2 protein chains.
Amino acid sequence: MSNHVWSARPSDFLRVGDGFRLEESDPDSTPGFRGDKRAGERELAARSDVLSDLQERLFAGSRAGEAKHAVLLVLQAMDTAGKGGIVRHVVGEVDPQGVELAAFKAPTPEELEHDFLWRVQKRLPQPGFIGVFDRSHYEDVLVGRVRQLAPAEEIERRYGAIVDFERRVAASGIRIVKVMLHISSDEQKERLAERLDRPDKYWKYNPGDIDERLRWDEYMDAYQAVFERTSTPEAPWYVVPADHKWYARLAVQELLIAVLEDIDPQWPGADFDIQVEKMRLAAT
Amino acid sequence: MSNHVWSARPSDFLRVGDGFRLEESDPDSTPGFRGDKRAGERELAARSDVLSDLQERLFAGSRAGEAKHAVLLVLQAMDTAGKGGIVRHVVGEVDPQGVELAAFKAPTPEELEHDFLWRVQKRLPQPGFIGVFDRSHYEDVLVGRVRQLAPAEEIERRYGAIVDFERRVAASGIRIVKVMLHISSDEQKERLAERLDRPDKYWKYNPGDIDERLRWDEYMDAYQAVFERTSTPEAPWYVVPADHKWYARLAVQELLIAVLEDIDPQWPGADFDIQVEKMRLAAT
């Protein structure tokens, strides 16, 4: 973290702790960052190199069979909040060979025959990789709850199942970073209007987005319940103000850097005799 | 293609045609490009936007259920030739959500129980995606031939099986671009030496690379056979000089742009009533 632009670490002050209230988080704010959009964009570019370097070390360890760690970024948000932009402009800056993306849509008939965690388990990142979940098992306690797609007792059961699941995942070496991109209803309205105004954006618009929008408050309640029930030391939630795309990208970038710095991956040592190999090469 | 920097389209003059001889292709050359490394790097950045735009249109069509097309880039090369750099610096510039990477290593026991095309079939890109094969079914007629991992008759059979397979793949709407990154033995020696000199590169070095290097001429013969037997109108091979990384990246970028321009993906139309949706949104 460059101390001249951040007054504190986003991994500290964006973290959901005891007593967190979503309604007290302002989507239009840019907490902790001392600069404007231009400064933010400069910082994003500069910090991409740091993230890339850490990612390459993580990946190198996996190729050498040394890495035990992986990172899993879980992205949840209301429509238009900018999940795609995070994938493109934050994760997209590191080597794609070390990234595993999984976009979870409405479950297929086969997926519905299994427990809701079945399809998620299969897409966990391998050691050395940064996995990204674009939506996730949290849909099953968000849309699942708002749309009553399962009985209330089943929704209740899922919170506990998620906590157990994530604890096992974390114990296996996968560092979990859960992010809710938090936009305001007004900002969403503007972004949806833009999609209806631009022919190159029509494909991103779905009439169902309005149906979900009409249940905004219920979704916020469902998110609040998610934070209270599933933000754990092993798998904390971060609520990232997202009305300003540049800020959200920068904050998520710092969250990833922080977790990778904590893993502190090292270049693996040579598992061969360097001098012998130099001689073999010279002889060719 | 910017006509001021290219004297002709790489998709034309790098294509393997009748009578092609690999030994007549100079790995150190930069055919068709009028500039130097700096001009090449500028051009790569400028053309990334064009490639990104085409990729987004291709992807948009798939989300709207309209896309029939996908692109498959097959990358083959001797070690150190720069496959990873192509993935990182050419493909890595487009939205990762529209890319499917598949790196093929030595086959697993399960894979060996099936026909050699089984594992490849499973990783073909979905409509709307750019798929990248980092190594491929061609390993089975390259290392397979040089190392005699299968009887000569089986290697012979595979050329025909590949042509049939790729014809079916192409008929399904997947445009296949097969690239051999062509480096010289001298350049490989320098790059391997660098890996032995830098602790942050050790992880990329494998003593087995020297064993393969010692069979350089046999590999070149195996590539020549591949070109003669499997370069078809539906799935042409391109031999890209790769001693200059900047040139190889630029050339592969143009190959991808050419195939996407040929597909000419359009933004899908709205499958909803725009005015109705505007009113619904306004009422929220």
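What counts, and where the lines are drawn
- Residue indices follow the written sequence of each chain, beginning from 1 at its first position.
- Each chain takes a letter, starting from A, and each ligand takes a number, starting from 1, following the order in which they are written.
- Owing to the predicted nature of the model, reporting of local features is limited to residues with pLDDT of at least 70; listing and counting of side-chain atom pairs is limited to 80 or more, with chain, interface and lining totals taken over all residues.
- Think of the side-chain values as coming from all heavy atoms in the structure, minus any hydrogens and water.
- Helix and strand labels come from DSSP, where a helix needs a run of H or I of at least four residues and a strand needs a run of E of at least two; each type is numbered from the N terminus.
- Our radius of gyration looks at C-alpha atoms and nothing else; its globule reference is 2.2 Å times the residue count to the power 0.38.
- Only protein chains enter the area calculation, which uses a 1.4 Å probe; residues under 20% of their type maximum are buried, those over 50% are exposed, and those in between are partly exposed.
- Whether two residues are in contact is decided by their heavy atoms, any of which lying within 4.5 Å being enough.
- Accessible areas in this description were obtained via Shrake-Rupley with a 1.4 Å probe; residue shielding takes into account the shown protein chains only.
- A positive count includes Lys and Arg, and a negative count includes Asp and Glu. His and the chain ends are not counted in either.
- Every charge is mapped to an atom, namely NZ of Lys, CZ of Arg, CG of Asp or CD of Glu.
- Each salt bridge in this description consists of a side-chain nitrogen of Lys or Arg and a carboxyl oxygen of Asp or Glu lying within 4 Å of one another.
- To superpose the copies, least squares is applied to the C-alpha atoms of every residue with a pLDDT of at least 70 in both.
- Each of two parts loses accessible area, computed with a 1.4 Å probe, when they are put together; buried area is these two losses added.
- Just so you know the grouping, Ala, Val, Leu, Ile, Met, Phe, Trp, Tyr, Cys and Pro go in nonpolar, Asp, Glu, Lys and Arg go in charged, and all remaining residues, Gly too, go in polar.
- Following DSSP output, two strands are said to pair if at least two bridges run between them.
- Here the axes come from fitting lines to C-alpha atoms, over the contacting stretch only for helices, and the angles between their N-to-C directions go from 0 to 180 degrees.
- Multiplying 1.5 Å by the helix residue count minus one yields the expected span of that helix.

Peer 1: So what about the overall build of chain A? Which residues, and what values?
Peer 2: Counting its secondary structure elements, chain A contains twelve helices and five strands. The C-alpha atoms of chain A give a radius of gyration of 20 Å, which matches the 19 Å a tight globule of 284 residues would have. Principal axes of the C-alpha set define a box for chain A whose edges measure 70 × 45 × 45 Å. Taking all 284 residues of chain A together, 54% fall into the buried category. For chain A, the share of sequence-separated contacts (at least 6 apart) that also reach a separation of at least 24 residues comes to 82%. If you sum the accessible surface of chain A, you get close to 12,700 Å²; carbon and sulfur atoms cover 46% of it. The average position of the 39 basic charges and that of the 51 acidic charges among the side chains of chain A differ by 2 Å.

Peer 1: Requested: an account of the pattern of salt bridges, with residues and values cited.
Peer 2: Across all of its chains, the model carries 48 salt bridges over all chains by this definition. Of the charged contacts, one joins Arg280 of chain A and Glu277 of chain A as a salt bridge, the two residues approaching to 3.1 Å between their closest N and O atoms. Of the two residues, Arg280 of chain A and Glu277 of chain A both sit in helix 12 (residues 274–282), three residues apart, roughly one turn of that helix. Residue Arg280 of chain A is classed as partly exposed on the basis of its relative accessible area of 25%. Glu277 of chain A sits in the buried class, given a relative accessible area of 6%. Glu194 of chain B is the salt-bridge partner of Arg198 of chain B, the closest N and O atoms lying 2.9 Å from each other. Note on Arg198 of chain B: relative accessible area 32%, which makes it partly exposed. Residue classification places Glu194 of chain B among the partly exposed residues on the basis of a relative accessible area of 35%. Salt bridges linked by common partners bring Asp115, Glu154, Arg157 and Arg158 of chain A together as one network.

Peer 1: Account for unusual backbone geometry, naming residues and giving values.
Peer 2: Residue Gln148 of chain A is not a glycine yet carries a positive backbone phi of 50°. By relative accessible area, Gln148 of chain A is classed as exposed at 68%. Here the phi dihedral of Thr80 of chain B falls at roughly 75°; this positive angle occurs in a residue that is not glycine. Among the structural elements, Thr80 of chain B can be located in the loop between strand 1 (70–77) and helix 3 (83–89). Exposure remark for Thr80 of chain B: the relative accessible area of 10% places this residue in the buried category.

Peer 1: Describe the environment of Leu44 of chain B, and please don't skip the residues or the numbers.
Peer 2: All names here are of chain B. Locating Leu44 in the fold gives a position in helix 2 (residues 37–63). A residue is classified by how much of its surface remains accessible, and Leu44, at 15% relative accessible area, is buried. On a C-alpha basis, the gap between Leu44 and Leu250 in space is 5.7 Å, while along the polypeptide they are 206 residues apart. Leave out the neighbours within four places in its chain, and Leu44 touches His89, Val90, Arg249, Leu250 and Gln253.

Peer 1: Describe the relation of the copies chain B and chain A, naming the residues involved and giving the relevant values.
Peer 2: Rotating chain B by 180° and translating it 0.0 Å along the rotation axis places it on chain A, where the RMSD comes to 0.0 Å. On this basis, the relationship between the two copies can be described by a two-fold rotation axis. A high fraction, 100%, of the interface residues of chain B reappear at the interface in chain A, so the copies pair face to face through one surface.

Peer 1: Describe the environment of Arg157 of chain A, naming the residues involved and giving the relevant values.
Peer 2: All names here are of chain A. Within the secondary structure, Arg157 sits in helix 7 (residues 152–171). Distance from Arg157 to Pro31, taken between C-alpha atoms, is 35 Å for residues 126 residues apart in sequence. Dropping the residues within four chain positions of it, Arg157 is found in contact with Asp115 and Phe116.

Peer 1: Talk me through the interface of chain B and chain A; I want residue IDs and the actual numbers.
Peer 2: Chain B puts 45 residues into the contact, and the matching count from chain A is 45 residues. Of all residues in chain B, the largest losses of buried area upon contact with chain A belong to Arg88, Trp203 and Leu281 of chain B, amounting jointly to 18% of the total for that side. With a shortest N-O distance of 2.6 Å, Asp211 of chain A and Arg280 of chain B are connected by a salt bridge. Elements with a contribution of two residues or more to the side of chain B that touches chain A: helix 2, helix 3, helix 8 (185–197), helix 9 (208–213) and helix 12 (274–282) of chain B. Top element by residues in the side of chain B that touches chain A is helix 12 of chain B. It accounts for six residues. A breakdown of the residues in the side of chain B that touches chain A according to their chemical character gives 23 nonpolar, six polar and 16 charged.

Peer 1: Tell me about the sheet that holds strand 4 (residues 174–182) of chain A, and name the residues and values.
Peer 2: Residues and elements named next belong to chain A. Spatially, five strands are ordered 2-3-1-4-5 in an open sheet, and the strand pairing comes out parallel. The sheet is open, and its two borders are formed by strand 2 (99–103) and strand 5 (237–241), each paired with just one other strand. Strand-to-strand, the axes of this sheet are offset by a mean angle of 20°, without reference to chain direction. Bridge count for strand 1 (residues 70–77) against strand 3 (residues 130–134) is five bridges, and the pairing is parallel. Bridging across to strand 3, Leu75 finds its partner in Asp134. Where helix 11 (residues 245–263) meets the sheet, it contacts strand 1, strand 3, strand 4 and strand 5, and its direction lies at approximately 165° from that of strand 4.

Peer 1: Let's hear about helix 8 (residues 185–197) of chain A: which residues, and what values?
Peer 2: The first and last C-alpha atoms of helix 8 of chain A sit 18 Å apart over 13 residues, in line with the 18 Å expected at 1.5 Å per residue. If you check which residues of helix 8 of chain A are buried, you get Glu187, Gln188, Arg191, Leu192, Arg195 and Leu196 of chain A. Residues of helix 8 of chain A that are buried sit in contact with helix 9 (208–213), helix 10 (216–230) and helix 11 of chain A together with helix 12 of chain B.

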